[in-house]
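Survey of secondary and tertiary structure
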Amino acid sequence: MNYLILVRHGQSRWNLENRFTGWVDVPLSEKGIKEAMDCAVELENVEIDVAFTSKLIRAQETLFLILAKQKKSGIFLHESTKRKEWSLHPVRFEDNEIPVFSSDALNERFYGDLQGQNKQEARETFGEEQVFIWRRSYDIRPPGGESLKDTYERTIPYFIEAIIPQLENGKNVIVSAHGNSLRSVIKYIENISDEDIPKLELETGKPVFYSFNNGKFVKDK
Ligand SMILES: O=C(O)[C@@H](CO)OP(=O)(O)O
(Lines give C-alpha, C1' and ligand atoms only; values in the text may rest on other atoms or scores of the structure.)
Protein backbone atom coordinates (compact mmCIF):
# COMPACT_ATOMS: atom_id res chain seq x y z
CA MET A 1 0.00 0.00 0.00
CA ASN A 2 1.32 3.43 -0.91
CA TYR A 3 0.07 6.94 -0.31
CA LEU A 4 -0.80 10.34 -1.69
CA ILE A 5 0.02 13.49 0.27
CA LEU A 6 -1.65 16.77 -0.65
CA VAL A 7 -0.17 20.00 0.69
CA ARG A 8 -1.52 23.49 0.20
CA HIS A 9 1.47 25.87 0.04
CA GLY A 10 2.41 27.91 3.10
CA GLN A 11 0.95 31.40 3.55
CA SER A 12 1.89 33.63 0.59
CA ARG A 13 2.55 37.33 0.79
CA TRP A 14 -0.90 38.01 -0.68
CA ASN A 15 -2.61 35.54 1.68
CA LEU A 16 -1.08 37.71 4.42
CA GLU A 17 -2.36 40.88 2.76
CA ASN A 18 -5.77 39.20 2.25
CA ARG A 19 -5.72 39.70 -1.51
CA PHE A 20 -7.16 37.50 -4.24
CA THR A 21 -4.10 35.83 -5.72
CA GLY A 22 -5.03 33.27 -8.38
CA TRP A 23 -2.30 33.05 -11.01
CA VAL A 24 -0.25 36.00 -9.70
CA ASP A 25 3.11 34.48 -8.85
CA VAL A 26 3.67 35.78 -5.32
CA PRO A 27 6.17 34.08 -3.00
CA LEU A 28 5.71 32.73 0.51
CA SER A 29 5.57 35.19 3.41
CA GLU A 30 7.89 34.70 6.36
CA LYS A 31 5.06 32.87 8.15
CA GLY A 32 4.52 30.75 5.00
CA ILE A 33 8.18 29.68 5.01
CA LYS A 34 7.78 28.70 8.68
CA GLU A 35 4.57 26.75 7.89
CA ALA A 36 6.34 24.90 5.06
CA MET A 37 9.25 24.11 7.37
CA ASP A 38 6.84 22.83 10.06
CA CYS A 39 5.17 20.69 7.40
CA ALA A 40 8.63 19.40 6.44
CA VAL A 41 9.24 18.34 10.05
CA GLU A 42 5.91 16.47 10.06
CA LEU A 43 6.88 14.72 6.81
CA GLU A 44 10.55 14.21 7.64
CA ASN A 45 10.30 10.42 7.93
CA VAL A 46 7.69 9.94 5.23
CA GLU A 47 9.14 8.28 2.14
CA ILE A 48 8.38 10.29 -1.01
CA ASP A 49 9.13 8.88 -4.49
CA VAL A 50 7.73 11.46 -6.82
CA ALA A 51 6.43 15.03 -6.55
CA PHE A 52 3.96 17.13 -8.45
CA THR A 53 3.54 20.87 -8.22
CA SER A 54 2.12 23.84 -10.09
CA LYS A 55 3.94 26.47 -12.12
CA LEU A 56 3.63 28.96 -9.24
CA ILE A 57 6.54 29.71 -6.93
CA ARG A 58 4.60 29.48 -3.63
CA ALA A 59 3.79 25.82 -4.27
CA GLN A 60 7.29 25.07 -5.54
CA GLU A 61 8.98 26.79 -2.55
CA THR A 62 6.82 24.75 -0.19
CA LEU A 63 7.70 21.51 -1.97
CA PHE A 64 11.44 22.20 -1.99
CA LEU A 65 11.46 23.13 1.71
CA ILE A 66 9.78 19.76 2.43
CA LEU A 67 12.30 17.88 0.28
CA ALA A 68 15.25 19.77 1.76
CA LYS A 69 14.33 18.57 5.27
CA GLN A 70 14.62 15.02 3.92
CA LYS A 71 17.98 16.02 2.40
CA LYS A 72 16.51 15.36 -1.02
CA SER A 73 16.88 17.27 -4.26
CA GLY A 74 13.87 17.51 -6.54
CA ILE A 75 14.70 17.39 -10.23
CA PHE A 76 12.21 18.98 -12.58
CA LEU A 77 11.29 16.83 -15.53
CA HIS A 78 10.42 19.46 -18.09
CA GLU A 79 8.08 19.09 -21.06
CA SER A 80 10.86 18.03 -23.40
CA THR A 81 11.95 15.14 -21.20
CA LYS A 82 9.01 14.03 -19.11
CA ARG A 83 7.49 11.66 -21.63
CA LYS A 84 10.68 9.63 -21.77
CA GLU A 85 11.46 6.85 -19.38
CA TRP A 86 13.31 8.20 -16.36
CA SER A 87 16.29 6.07 -17.33
CA LEU A 88 16.58 8.05 -20.55
CA HIS A 89 16.70 11.34 -18.70
CA PRO A 90 20.14 12.94 -18.86
CA VAL A 91 20.21 13.03 -15.07
CA ARG A 92 20.66 9.69 -13.36
CA PHE A 93 18.64 9.71 -10.15
CA GLU A 94 20.71 9.26 -7.03
CA ASP A 95 19.12 7.99 -3.81
CA ASN A 96 18.64 11.55 -2.54
CA GLU A 97 16.97 12.78 -5.73
CA ILE A 98 13.37 12.57 -6.78
CA PRO A 99 11.58 13.58 -9.96
CA VAL A 100 9.35 16.65 -9.86
CA PHE A 101 6.64 17.28 -12.43
CA SER A 102 5.18 20.76 -12.65
CA SER A 103 2.03 21.65 -14.52
CA ASP A 104 -0.26 24.65 -14.79
CA ALA A 105 -3.11 22.14 -14.48
CA LEU A 106 -2.35 22.30 -10.74
CA ASN A 107 -2.25 26.12 -10.59
CA GLU A 108 -4.60 28.03 -8.32
CA ARG A 109 -7.99 28.91 -9.74
CA PHE A 110 -7.61 31.91 -12.10
CA TYR A 111 -9.34 34.74 -10.24
CA GLY A 112 -9.74 37.13 -13.22
CA ASP A 113 -10.57 40.73 -12.35
CA LEU A 114 -10.44 40.00 -8.63
CA GLN A 115 -6.70 39.20 -8.68
CA GLY A 116 -4.89 41.74 -6.52
CA GLN A 117 -8.05 43.05 -4.82
CA ASN A 118 -8.28 42.98 -1.05
CA LYS A 119 -10.96 40.42 -0.07
CA GLN A 120 -12.45 42.64 2.65
CA GLU A 121 -12.67 45.62 0.29
CA ALA A 122 -14.33 43.36 -2.29
CA ARG A 123 -16.93 42.37 0.36
CA GLU A 124 -17.58 46.05 1.11
CA THR A 125 -17.98 46.83 -2.62
CA PHE A 126 -19.93 43.77 -3.84
CA GLY A 127 -21.47 42.42 -0.61
CA GLU A 128 -20.54 39.48 1.62
CA GLU A 129 -22.85 37.04 -0.14
CA GLN A 130 -21.64 37.83 -3.67
CA VAL A 131 -18.01 37.47 -2.66
CA PHE A 132 -18.75 34.14 -0.95
CA ILE A 133 -20.47 32.93 -4.14
CA TRP A 134 -17.45 33.93 -6.23
CA ARG A 135 -15.05 32.29 -3.77
CA ARG A 136 -16.86 29.07 -2.90
CA SER A 137 -19.72 28.22 -5.27
CA TYR A 138 -18.91 25.36 -7.61
CA ASP A 139 -19.94 26.67 -10.99
CA ILE A 140 -20.28 30.45 -10.75
CA ARG A 141 -17.32 32.33 -12.21
CA PRO A 142 -15.84 35.43 -10.60
CA PRO A 143 -15.66 38.27 -13.16
CA GLY A 144 -13.20 37.26 -15.90
CA GLY A 145 -12.01 34.23 -13.92
CA GLU A 146 -12.51 30.49 -13.45
CA SER A 147 -15.23 28.82 -11.41
CA LEU A 148 -14.12 25.90 -9.26
CA LYS A 149 -15.73 23.70 -11.94
CA ASP A 150 -13.42 25.23 -14.58
CA THR A 151 -10.47 24.53 -12.29
CA TYR A 152 -11.70 20.96 -11.71
CA GLU A 153 -11.98 20.42 -15.46
CA ARG A 154 -8.26 21.14 -15.98
CA THR A 155 -6.96 19.67 -12.70
CA ILE A 156 -8.73 16.32 -12.71
CA PRO A 157 -7.73 15.14 -16.22
CA TYR A 158 -4.10 15.80 -15.19
CA PHE A 159 -4.65 14.02 -11.87
CA ILE A 160 -6.04 11.00 -13.73
CA GLU A 161 -3.47 10.96 -16.55
CA ALA A 162 -0.28 11.92 -14.70
CA ILE A 163 -0.68 11.36 -10.95
CA ILE A 164 -2.84 8.24 -10.60
CA PRO A 165 -0.49 6.14 -12.82
CA GLN A 166 2.36 6.89 -10.38
CA LEU A 167 0.19 5.65 -7.50
CA GLU A 168 -0.77 2.58 -9.53
CA ASN A 169 2.97 1.92 -9.94
CA GLY A 170 3.30 1.80 -6.16
CA LYS A 171 4.94 5.23 -5.77
CA ASN A 172 4.44 7.48 -2.77
CA VAL A 173 3.36 10.79 -4.24
CA ILE A 174 3.29 14.33 -2.89
CA VAL A 175 1.32 17.13 -4.57
CA SER A 176 2.19 20.66 -3.47
CA ALA A 177 -0.43 22.97 -4.89
CA HIS A 178 -3.17 25.47 -4.04
CA GLY A 179 -6.39 25.88 -2.09
CA ASN A 180 -8.72 25.55 -5.06
CA SER A 181 -6.77 23.10 -7.26
CA LEU A 182 -6.54 20.81 -4.23
CA ARG A 183 -10.22 21.35 -3.37
CA SER A 184 -10.88 19.99 -6.89
CA VAL A 185 -8.68 16.96 -6.26
CA ILE A 186 -10.35 16.24 -2.91
CA LYS A 187 -13.81 16.70 -4.47
CA TYR A 188 -12.85 14.05 -7.02
CA ILE A 189 -11.20 11.61 -4.58
CA GLU A 190 -13.92 11.87 -1.92
CA ASN A 191 -16.77 12.31 -4.39
CA ILE A 192 -17.96 15.49 -2.64
CA SER A 193 -21.13 16.93 -4.13
CA ASP A 194 -21.36 20.35 -5.79
CA GLU A 195 -23.59 21.42 -2.88
CA ASP A 196 -21.12 20.37 -0.19
CA ILE A 197 -17.88 21.57 -1.77
CA PRO A 198 -18.28 25.21 -0.55
CA LYS A 199 -17.71 23.93 3.03
CA LEU A 200 -14.29 22.44 2.28
CA GLU A 201 -11.41 24.67 3.39
CA LEU A 202 -7.74 23.73 3.42
CA GLU A 203 -5.20 25.19 5.78
CA THR A 204 -1.86 26.42 4.47
CA GLY A 205 1.05 24.05 5.03
CA LYS A 206 -1.02 21.19 6.52
CA PRO A 207 -0.60 17.85 4.76
CA VAL A 208 -3.61 15.66 3.96
CA PHE A 209 -2.85 11.92 3.64
CA TYR A 210 -4.61 9.24 1.64
CA SER A 211 -3.58 5.64 1.40
CA PHE A 212 -3.97 4.11 -2.05
CA ASN A 213 -4.90 0.47 -2.36
CA ASN A 214 -6.34 -1.35 -5.37
CA GLY A 215 -7.33 1.90 -7.03
CA LYS A 216 -9.14 3.20 -3.91
CA PHE A 217 -8.22 6.19 -1.77
CA VAL A 218 -8.72 6.08 1.99
CA LYS A 219 -8.19 9.27 3.95
CA ASP A 220 -5.88 8.86 6.93
CA LYS A 221 -7.41 10.45 10.01
O1 LIG B 1 -6.76 34.18 -3.48
C2 LIG B 1 -6.67 33.02 -3.89
O3 LIG B 1 -6.04 32.71 -4.92
C4 LIG B 1 -7.33 31.90 -3.12
C5 LIG B 1 -6.39 31.17 -2.23
O6 LIG B 1 -5.64 31.98 -1.43
O7 LIG B 1 -8.34 32.48 -2.36
P8 LIG B 1 -9.72 31.84 -1.89
O9 LIG B 1 -9.41 31.01 -0.68
O10 LIG B 1 -10.52 33.06 -1.57
O11 LIG B 1 -10.30 31.07 -3.03
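Our subject is the structure that appears above.
My aim in this report is to walk through the structure given alongside it, one point at a time. Just so we're clear, the structure is a prediction, and the values are computed from it rather than from any experiment.

The rules behind each value
Residues numbered from 1 in each chain as written. Predicted model: local features only at pLDDT ≥ 70, side-chain atom pairs only at ≥ 80, totals over all residues. Near = placed C-beta within 6 Å. Nonpolar A, V, L, I, M, F, W, Y, C, P; charged D, E, K, R; others polar. Core = buried A, V, L, I, M, F, W, Y, C linked by C-beta atoms within 7 Å. Buried ≥ 20, exposed ≤ 12 C-beta atoms within 10 Å, placed from the backbone. Contact = placed C-beta atoms within 7 Å. Helix = DSSP H or I, 4+ residues; strand = E, 2+ residues; numbered from the N terminus. Expected span 1.5 Å × (residues − 1).

The next thing to look at is the site of the ligand. What surrounds the ligand is the set Asn15, Phe20, Thr21, Gly22, Glu108, Tyr111, Arg135, Gly179 and Asn180. Of the residues in the shell around the ligand, the class split is two nonpolar, five polar and two charged.

Another point: the nonpolar core. Counting residues in hydrophobic clusters, the biggest one holds 34 residues, and the most contacted among them are Leu4, Leu6, Ala51, Phe52, Ile66, Val173 and Val175. Sequence-distant contacts of valine 173, that is, excluding residues within four places in its chain, are made with Leu4, Asp49, Val50, Phe52, Ile163, Gln166 and Leu167. By size, the runner-up hydrophobic cluster in this structure holds seven residues, among which are Phe20, Phe110, Tyr111 and Trp134.

Let us look at helix α8 (residues 179-190). For an α-helix, 3.6 residues make a turn, and residues three or four places apart therefore share a direction. Over its 12 residues, α8 runs 16 Å from end to end, which matches the ideal 16 Å to within 8%, given 1.5 Å per residue. Residues of α8 that are buried in the fold lie against β1 (2-8), α7 (148-168) and β5 (173-177). Just downstream of α8 lies asparagine 191, where phi reads positive at about 55°.

With that settled, the discussion passes to unusual backbone geometry. A positive phi angle is found at lysine 71, which is not glycine, with a value near 60°. Examined against the element boundaries, lysine 71 turns out to sit in the loop between α3 (57-69) and β3 (73-76). One non-glycine residue with positive phi stands out, namely asparagine 191, at about 55°. Examined against the element boundaries, asparagine 191 turns out to sit in the loop between α8 and β6 (208-213). Judged by C-beta crowding, with 9 C-beta atoms within 10 Å, asparagine 191 ranks as exposed.

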